[in-house]
Amino acid sequence: MAKKKEVSVEERLRALYDLQLIDSRIDEIRNVRGELPLEVRDLEDEVAGLNIRLEKLVNDLATIDSDISSRKNLIEESKALIKKYGEQQKNVRNNREFNSLSKEVEFQELEIQLAEKHIKEFKAQIEQKKEVIATTKDQLKERETHLKHKKGELDAILAETEKEEQALLGKSEEYKTQIEDRLVAAYDRIRKNVKNGLAVVPIERGASGGSFFTIPPQIQVEIASRTKVITDEHSGRILVDAVLAEEQKAKMEKLFAKL
């Protein structure tokens, strides 16, 4: 691997602050999107769940219809048997055979009653499921409309920012190659652990950016000299002087305008 060329501390600080400005711009773009990607994903999952539920309800209706047909067939079979046993009773030779056939007739009549009861229950289930299907369809339509709206919002934002974000991500990686690995690692670690992802901040009114802790004058002089990388003892952020910060902001604004 090719070694990174030797650069001065000031060049490192400028590169670090440039990197911070680029990454902060990426953060701004992602903040504009906010929770939209998560909202879209949740809505997509909800719509998929409702579709699965609707499919199951429709399948349940088909199963109940099949069960009703089965019970109707059973009723027809029982009626046929009752008729058959009735004809046989006319030709019996003794009471025992007659009573046996009567029991068969009685059994088939009970089968018919049970089948009719089941059919009645099945029809009640059908009505109930039809109501649930209607409600689910309404929910699905409402969620699909909401999803379409949210997707439209997200697509519009992506159309405006995706090209810039990708260009900035490329610039972020490019600037990291200009900084020694240990400083990049420190930058990434600090950025992950501090508020708003600000790992490199300028001195503002005698304190590090975003902090209320005053930096001693001697330390401020050292920071302004740009001879070594200095971190804020309270927040751990890397500190740069205000002049350098303004110069790099102006430079980066021109870069951002071209993206």
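Procedures and definitions
Residues numbered from 1 in each chain as written. Predicted model: local features only at pLDDT ≥ 70, side-chain atom pairs only at ≥ 80, totals over all residues. Heavy atoms only, no water. Helix = DSSP H or I, 4+ residues; strand = E, 2+ residues; numbered from the N terminus. Buried < 20%, exposed > 50% of the residue type's maximum accessible area, 1.4 Å probe, protein only. Polar contact = N/O pair within 3.5 Å; in protein donor to acceptor, adjacent residues only side chain to side chain. Contact = heavy atoms within 4.5 Å. Pairing = 2+ DSSP bridges.

Observations concerning the side chain of Arg191
Alright, step 1. Inspection of the secondary structure assignment puts Arg191 in helix H4 (residues 181-193).
Alright, step 2. Using a relative accessible area of 18% as the deciding quantity, one classes Arg191 as buried.
Alright, step 3. Reaching out from Arg191, the side chain makes a polar contact with the side chain of Asp27 at a distance of 2.9 Å.
Alright, step 4. Once you skip the residues sitting within four places of it in the chain, Arg191 turns out to touch Gln20, Asp23, Asp27, Gly197 and Ala199.

Details of the environment of Glu35
Alright, step 1. The residue Glu35 is located in the loop between helix H1 (9-33) and helix H2 (36-89) in this model.
Alright, step 2. According to the relative accessible area criterion, Glu35 is exposed, its value standing at 51%.
Alright, step 3. Sequence separation of Glu35 and Leu154 is 119 residues, and the distance between their C-alpha atoms is 9.9 Å.

Some remarks on the pairing of strand S1 (residues 200-204)
Alright, step 1. With 4 of its 5 residues buried, S1 lies for the most part within the structure.
Alright, step 2. In this structure, S1 lies alongside strand S4 (residues 238-240), joined through 3 bridges in parallel fashion. Each residue of the ladder has a partner; that of Val201, found in S4, is Leu239.
Alright, step 3. If you look at the hairpin formed by S1 and strand S2 (residues 207-208), you'll find 2 residues sitting between the two strands, and Arg205 has a positive phi there, around 55°.

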